Amino acid sequence: MLLIPCPWCGKRAQTEFTYRGDATVERPDLADSDSQWYDYVYTRDNPRGEHTEWWHHTGGCRKWFKVRRNTWTHEVISSEPPVRD
Amino acid sequence: MAKSPFKRYSGFSLLRNALSNHRRWPRAWRDPEPRKSYDVIIVGAGGHGLATAYYLAKLHGVKNIAVLEKGWLGGGNTGRNTTIVRSNYMLDGNANFYEHSLKLWEGLSKELNYNVMFSQRGVLNLAHSDSEMESFAIRGNAMRLNGIDAELLLPDQIRQMVPHLDCSQSTRYPIFGGLLQERGGTARHDAVAWGYARGADALGVDIIQNCEVSGIRVKDNRVVGVDTNRGSIDAPKVGLAVAGNSGRLAAMAGLKLPIESHVLQAMVTEPLKPIIHTVVTSGASHVYINQTDKGEVLFGGDLDLYNSYAQRGNLPRIEYVVQSVLTLFPCLRRVRLMRTWGGVMDMSMDGSPIIGKLPIDGMYFNGGWCYGGFKATPGSGWCFAHTIANDEPHELNKALSLERFETGALLDEKGSGAFAFSH
Ligand SMILES: Cc1cc2nc3c(=O)[nH]c(=O)nc-3n(C[C@H](O)[C@H](O)[C@H](O)COP(=O)(O)OP(=O)(O)OC[C@H]3O[C@@H](n4cnc5c(N)ncnc54)[C@H](O)[C@@H]3O)c2cc1C
Ligand SMILES: [Zn+2]
């Protein structure tokens, strides 16, 4: 069982959350090129190691936040509200 | 080139070796030292990499092939899957490819002189609502139009076919019917890796285990070779067939793929007498169940649903999958689980695989297999070999190109969108 640290509710069981994936991809401008849009929609760094990702506390406060987690060891490193880096 | 003699397996060889107490069976494949260069390097000795090497040597006359494997051959997803083989797809780009693969399965034991225990026990998808029955009718008709067998079943027929299934109205997801592909079934996963390895080795392919690729050398947008923990190896053509490690290998060549790695778990119960004679799947809670020849009930469900490179998963998914199995087969309630394990899956953004060229000359990619690459093994190797040998895809894998994500010609069977974990 993973314990996901919600910035508002603290550590809770993973079953309370919904996962949405890579939080580093940024939506391009409408005027940006097709290849930028292709990258945004489809390609991912997909690292083996630290990954910044979106989680939603569906069964709790229902807020979105970012988690830093290691995809190889499943170690959860940190979490933060959805601020811009 | 040191060619190992193809020692055929037969009733006669079994008898002869029995007389010497099975102490004189020859090695099934060599354990060669890597050479300085090859004509083709395949990275990854799973079923797909080994099948590719086999067909490259057998059908395209390519000599000097190496398959590089970081661990032991067949130790990746090939040795971790629930062994279901089928071709029940709706979209032409998938259907024709998987059907070609299924046809190769039908002759595979003979082709390889190796019993892959392919058992066409049928694959039954259960429907739990009227609308699901309708979508099954659509898919079944699409399959028939492509010359693939499909049969829509009513609850009575299903009750007869799978007597232990809870077909009552009081169950959590009552059964409205199903779609059956009779020619689908299961195969012995390890035997597929071993059979292709033995066949490829006999054709002169060097299978090099404990050889991890750590770099890909590219000059003027053309691949020249790879770096490994056993030295650098040159080759004008490099094919990747590394499943969950696709992203890492692509990154070595400076590329990004429409793929994420996720862990998928499977599990078996203690062995029972035969009670489930076909493969049963249900989309209501997403489970797929069959009984192995050893008697274990083998099943799997959804991904753990977060990016992962760990070949192990977490208990909540196991609990959910077990609950789903028990709603369908309440009679298994007192049976004990014996083992659970996980594999790192190459989840593509439209749920369909990629077999094709990469934007670097001489580099080819095979991956994005999601939940269903085991059944593709023969067809995947066959098409990938053609693509590498001719530097262009075969008609059967044209639609499976990497470019489809840029051009918009996606193959999203369920129309579930660009989330790797939703397929
Ligand atoms: C639990 C589970 C259940 C499944 N059930 C089914 C099913 O019922 N039916 C079905 O059709 N499919 C199923 N699949 C999917 C199927 O197992 C895979 O799609 C298929 O086996 C992939 O084969 P492969 O040869 O591409 O990959 P693998 O067998 O994983 O082979 C890839 C190889 O590449 C090697 N490698 C990786 N990185 C490197 C490197 N840097 N250098 C050298 N070698 C490297 C790995 O060690 C590995 O051996 C399931 C998968 C899992 C995990
Ligand atoms: Zn919360």
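Predicted, not measured: the structure shown is a model, and the values here were computed from it.

Observations regarding the packing of helix α2 (residues 47–59) of chain B against helix α7 (residues 189–202) of chain B
Residues and elements named next belong to chain B.
Next, step 1: Look at α2 against α7: their axes get within 8 Å of each other, and the N-to-C directions meet at 30°. In this structure, α2 crosses over α7, and the sense of that crossing is left-handed. Residues L50, A51, A53, Y54 and Y55 of α2 touch α7, and the partners they reach there are A193, Y196, A197, G199 and A200.
Next, step 2: Considered class by class, the residues forming the contact of α2 with α7 number 9 nonpolar, 1 polar and no charged.

Looking at the packing of aromatic side chains
For any two aromatic rings, the description comes down to two numbers: the centre-to-centre distance and the angle of the planes.
Next, step 1: Taken as a whole and assessed by the stated rule, the structure comprises 20 aromatic pairs over all chains.
Next, step 2: Here the aromatic rings of Y19 of chain A and W55 of chain A are separated by 5.1 Å at their centres, their planes lie at 65°, and the arrangement is edge-to-face. One end of the pair, Y19 of chain A, is in strand β3 (residues 18–22); the other, W55 of chain A, is in strand β4 (residues 50–56), with 36 residues separating them in the sequence.
Next, step 3: Taking relative accessible area as the criterion, Y19 of chain A reaches 7% and is therefore assigned buried.
Next, step 4: Judged by relative accessible area, which is 3%, W55 of chain A ranks as buried.
Next, step 5: Counting every residue linked through ring pairs, the aromatic cluster contains W8, F17, Y19, W55 and F65 of chain A together with Y306, F419 and F421 of chain B.
Next, step 6: The lysine or arginine in question, R48 of chain A, covers the ring of W72 of chain A, its NZ or CZ lying 3.6 Å from the ring centre.

Structural notes on the interface of chain B and chain A
Next, step 1: Listed as interface residues are 28 residues of chain B and, on the opposing side, 24 residues of chain A.
Next, step 2: The junction of chain B with chain A conceals about 2400 Å² of combined surface from both sides, 54% of it contributed by carbon and sulfur atoms.
Next, step 3: Our count for the chain B to chain A interface comes out at 2 salt bridges.
Next, step 4: The partner of E260 of chain B in a salt bridge is R44 of chain A, and the shortest N-O contact between them spans 3.9 Å.

A closer look at the nonpolar core
Residue and element names in this part refer to chain B.
Next, step 1: Core analysis: the biggest nonpolar cluster contains 56 residues, and L50, W105 and Y196 have the highest contact counts within it.
Next, step 2: Counting residues per element, the ones that place at least two in this core are β1 (40–43), α2, β2 (65–68), α3 (92–106), α4 (108–112), α5 (130–145), α7 and α10 (377–390).
Next, step 3: If you tally residues by element for this core, the top one is α2, at 7 residues.
Next, step 4: Counting only domains with at least three residues in this core, you end up with domain 1 (29–115 + 188–258 + 350–407) and domain 2 (123–184 + 261–348).
Next, step 5: With near-sequence residues (within four places) excluded, W105 lies in contact with V85, V116, F118, A187, V192, F374, K375 and P378.

Section: the coordination of the zinc ion (ligand 2)
Residues and elements named next belong to chain A.
Next, step 1: Within the protein, the zinc ion (ligand 2) binds to C6 (SG), C9 (SG), H57 (ND1) and C61 (SG); these donor distances fall in the range 2.0 to 2.3 Å.
Next, step 2: Taken together, the 4 donor atoms coordinating the zinc ion (ligand 2) span angles of 106 to 120° at the metal, a pattern that classifies the geometry as tetrahedral.
Next, step 3: Read in sequence order, the donor residues coordinating the zinc ion (ligand 2) give the pattern C-x2-C-x47-H-x3-C.
Next, step 4: Judged by relative accessible area, which is 0%, H57 ranks as buried.
Next, step 5: For C61, a relative accessible area of 27% puts it in the partly exposed group.

Cut-offs used in this document
- Residues numbered from 1 in each chain as written.
- Chains lettered and ligands numbered in written order.
- Predicted model: local features only at pLDDT ≥ 70, side-chain atom pairs only at ≥ 80, totals over all residues.
- Heavy atoms only, no water.
- Axes fitted to C-alpha atoms, helices over the stretch in contact; angles between N-to-C directions.
- Helix = DSSP H or I, 4+ residues; strand = E, 2+ residues; numbered from the N terminus.
- Left-handed = near helix turned anticlockwise from the far one by under 90°.
- Contact = heavy atoms within 4.5 Å.
- Nonpolar A, V, L, I, M, F, W, Y, C, P; charged D, E, K, R; others polar.
- Phe/Tyr/Trp six-rings, centres within 6.5 Å; stacked < 30°, edge-to-face > 60°.
- Buried < 20%, exposed > 50% of the residue type's maximum accessible area, 1.4 Å probe, protein only.
- Lys NZ or Arg CZ within 6 Å of the ring centre and 35° of its normal.
- Buried area = accessible area lost by both parts, 1.4 Å probe.
- Salt bridge = Lys/Arg side-chain N within 4 Å of Asp/Glu carboxyl O.
- Core = buried A, V, L, I, M, F, W, Y, C linked by side-chain atoms within 4.5 Å.
- Domains from an automatic or database assignment.
- Donors = N, O, S within 2.8 Å, 3.2 Å for Na, K, Ca; no water.
- Tetrahedral: all angles 85-135°; square planar, octahedral: opposite > 155°, others 65-115°.

Take it as geometry only, folks, not as evidence of what the structure does.
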